Each structure stands twice: as structure tokens, then as C-alpha cells.
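One-letter residues, chain by chain:
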Amino acid sequence: MPELPDVEAFREVLADCAQGRLVRRVDVRDSGVLNGVDAPRLRRELAGRRLAAPYRHGKWLFAPTDGPTVLFHFGMTGSLLCPEPGEPLARHDRVVLTFADEVELRYRDQRKLKGLWLADPATADRTVAEEGPDALTVGRKGFEAALTGRRARIKAVLTDQSALAGLGNLLADEILWRARLHPARATDHLSREDRDRLHRAMRRTLREAVRAGRVPPRPSWLTGHRDGEGETCPRCGTELSRGRVAGRGTVWCPHCQPADD
DNA sequence: GCATATGTTATGAA
DNA sequence: TTTCATAACATATG
């Protein structure tokens, strides 16, 4: 599930649920989601700490405390929730933080492809530095720099976190559809106007998706037509094409997004 | 059993 | 050097 808009929603969960509170208990129910830290050390290092303001870069979520910083990456199936008191534990609730007033924060994850890290603030900064600029806030110049020198197919570049941070498979398809660019177009063959359209489409798509807390599968969006046979383009009615681009399942409109380069 | 799935990463080939 | 496909990770669903 998680791409930038989802992670942004998890940041809000963290801010509402945990910011300013003291950690009372750390319950690691499946240490398979811990990276570079074991359950006893996580417990030791977090117990008694106070959560500061969380921040996000790309698909990474950072939860600084008055000690170490907790890093979250949600992989394909992770989520963060602040359940009502008494909400029974779900099968995939892997880590539960309980705060001083019994408020709970749960990291839930079916597939355990990623998970939690514990880092000092400098290491957290290094994680950010390894990525491209955040897709939600990058301006036209930063976007230009992210594409410059890249010859890969545009979808591969958009989803390459070291070029631009935050876009995943659904968002890349949605943005390219809005910008009327075929996902397999060579990045270095795009015109300035193509890149302008692409940046504008990215901004609009991200703003709306962040507002929705996800990439919304609305009928007016491409994402609303990914599943099922014979789906048609919500803009022109042409039957959508499906294939594999940059190793991922890809949907595009053969009429709105011509392949020629 | 097979294919698919919104994540990243290592590997070997082109 | 860059890019690509592929497999792998762990699990669920159709």
C-alpha cells in the first residue's frame, strides 16, 4: 500500500497519537520487523523517552525522541495506527508502543518486507541524504536536476528513490497518465514541455493524494481502473493497455500516452 | 500449483 | 558506466 501519501498519513497518525508522550512499554510481538536492533535493546532505548515531532522523506518516516530516532519503512503492506483503547490485537500487529496514558501506537505489517530501525539522529540524516528530493516538495528546478543525466525509461526514474523520493508504482502510472507520457519513454528524450507537464501532473496528483491519505481509486483517476479486464481510459474511453515496465505491472492509455519517442 | 500484489535490493547480463 | 530483468525477501489472495 504505502507510497508517499500513505506515509504522510502515517506521519499524521504519529503526530496525533505519539508526539509529546512518554513511552511506557515496547511490545515486540514479531522481531522479524526489526532491523539492526533486537527487541531488548529497542525496549531499553525507547522506554521513558519522549516522542518529538515526526517527519517524512519519501517513503521513510522518522520518529525522533529525546534520545534515538525510530525509522519506519512500510514496504508494501506496513501501516501505523492509533487504535481505540481496548481494540484487540490483530494478527499482523508486530510492534506496539504504549504511552504513559495507555495510548497505543501499532506497527502493523503483513509481509514484513521492511519495518523499524533505531538510529541516532545523524544516521537518520544520512538515510535522507541517500535519496533524491522529496517528490511532494520538490520545485521545478529540483525536478529538472532529478531527471538530468538519466537515460532510463521515465517510469523507472520516477520510481527510483535515489532520483526522486516518494513515488511508487501506482503514483508513477497515475502521474504519467495525467501528463500524457508513455511510461517507457526515454527520460533524456523528453522535451522541456514534457518535463513541465510531468512536474505539474506530479504536484497535482500528490496534493490530492495526500489530502486523501492514499492514491485514491476514484473513477476519474487511472488508479480507479487498474483492476479488471477491459477497463477504459476515464479521459478518452480507449481500452487501457497493461504490461511490465521497470519490472512492475503498468497500466497506461495507448491513445493518450503514445509510445513514440 | 500458478500468478499477482502499492516495497527495496543484490546480481549478472546487455 | 548505466540500465535492465530477475530473483529474493514473507505472506495473502484469486
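For the structure itself, consult the block above.
Residues numbered from 1 in each chain as written. Chains lettered and ligands numbered in written order. Predicted model: local features only at pLDDT ≥ 70, side-chain atom pairs only at ≥ 80, totals over all residues. Heavy atoms only, no water.

> What should I look at first to understand the sheet that holds strand 7 (residues 93-99) in this one?
The pairing of strands in a sheet happens through backbone hydrogen bonds and is either parallel or antiparallel. Taken in spatial order, the four strands of this open sheet run 1-7-8-6, and their pairing is antiparallel. Each edge of the open sheet carries a strand with a single partner, namely strand 1 (23-28) and strand 6 (78-81). Taking the axes of each pair of neighbouring strands and ignoring which way they run, one obtains an average angle of 10° across the sheet. Contacts between helix 2 (residues 39-46) and the sheet are confined to strand 1 and strand 7, with strand 1 contributing the most and set at about 170° to the helix. (Pairing = 2+ DSSP bridges. Helix = DSSP H or I, 4+ residues; strand = E, 2+ residues; numbered from the N terminus. Axes fitted to C-alpha atoms, helices over the stretch in contact; angles between N-to-C directions. Contact = heavy atoms within 4.5 Å.)

> Please clarify how the packing of helix 4 (residues 140-147) against helix 7 (residues 192-212) should be interpreted in this entry.
Working note: a packed helix pair is described by the angle between its axes plus the distance between those axes. Between helix 4 and helix 7, whose axes approach to 10 Å, the crossing angle comes to 115°. In this structure, helix 4 crosses over helix 7, and the sense of that crossing is right-handed. For the pair helix 4 and helix 7, contact is made by Arg 140, Phe 143, Glu 144 and Leu 147 and by Arg 192, Arg 195, Asp 196, Leu 198, His 199 and Met 202, respectively. Of the residues belonging to the contact of helix 4 with helix 7, the class tally is four nonpolar, one polar and five charged. (Left-handed = near helix turned anticlockwise from the far one by under 90°. Nonpolar A, V, L, I, M, F, W, Y, C, P; charged D, E, K, R; others polar.)

> Honestly, a positive patch on the surface in this entry has me stumped. Any pointers?
Taken together, the side chains of Arg 200, Arg 203, Arg 204, Arg 207 and Arg 211 make up a positively charged region of the molecular surface. Assessed through its relative accessible area of 34%, Arg 203 is described here as partly exposed. (Patch = residues over 30% accessible without salt bridge, like charges linked within 9 Å, V, L, I, M, F, W, Y side chains within 5 Å. Areas by Shrake-Rupley, 256 points an atom, 1.4 Å probe, with all protein chains shown as cover. Salt bridge = Lys/Arg side-chain N within 4 Å of Asp/Glu carboxyl O. Lys, Arg positive; Asp, Glu negative; His and termini not counted. Charge placed at Lys NZ, Arg CZ, Asp CG, Glu CD. Buried < 20%, exposed > 50% of the residue type's maximum accessible area, 1.4 Å probe, protein only.)

> I keep staring at the protein's contact with DNA strand C and nothing clicks. Help me out?
Near DNA strand C the following residues occur: Arg 91, His 92, Gln 110, Arg 111, Lys 112, Leu 113, Arg 150, Arg 151, Ala 152, Arg 153, Ala 246 and Gly 247. Atoms of DNA strand C within 4 Å of the protein belong to the sugar or the phosphate in 76% of instances, the rest to bases. The separation between a phosphate oxygen of DNA strand C and a polar side-chain atom of Arg 91 is 2.7 Å. Taking Arg 111, its side chain carries an N or O atom lying 2.5 Å from a base nitrogen of DNA strand C. Classifying every residue of the surface near DNA strand C gives three nonpolar, three polar and six charged. (Near = heavy atom within 4 Å. Polar contact = N/O pair within 3.5 Å; in protein donor to acceptor, adjacent residues only side chain to side chain.)

> Even after reading the chapter, I still don't get the side chain of Asn 169, so can you show me in this structure?
Summarising the element assignment, Asn 169 is placed in helix 6 (residues 169-179). The exposure class assigned to Asn 169 is buried, which follows from its relative accessible area of 14%. A polar atom in the side chain of Asn 169 sits 2.5 Å from the side chain of Lys 155. Ignoring any residue separated from it by four or fewer positions in sequence, one finds Asn 169 in contact with Glu 3, Lys 155, Thr 159, Arg 226, Arg 248 and Gly 249.

> Got a minute to help me understand the sheet that holds strand 9 (residues 115-119) in this structure?
Pairing is mixed in the open sheet, where five strands are placed in the order 2-9-5-4-3. The open sheet has two edge strands, strand 2 (34-35) and strand 3 (55-57), and neither has a second partner.

> Where do I start with the state of the cysteines in this structure?
Here a disulfide denotes a covalent bond joining the sulfur atom of one cysteine to the sulfur atom of another. The full count for this structure, using the stated rule, is one disulfide. With its sulfur 2.3 Å from that of its partner, Cys 17 forms a disulfide with Cys 82. In this structure the cystine formed by Cys 17 and Cys 82 twists about its S-S bond by roughly 75°; its chirality is therefore right-handed. Taken together, the residues Cys 17 in helix 1 (residues 4-17) and Cys 82 in the loop between strand 6 and strand 7 connect sequence positions 65 residues apart. Overall, the relative accessible area of 2% leaves Cys 17 in the buried class. With no disulfide partner, Cys 233 has as its closest neighbouring cysteine sulfur the one in Cys 253, 3.7 Å distant. The thiol of Cys 253 is not disulfide-bonded; the next cysteine sulfur, from Cys 236, is found 3.6 Å away. (Disulfide = S-S within 2.5 Å.)

By themselves, these are just geometric observations and shouldn't be taken as functional.
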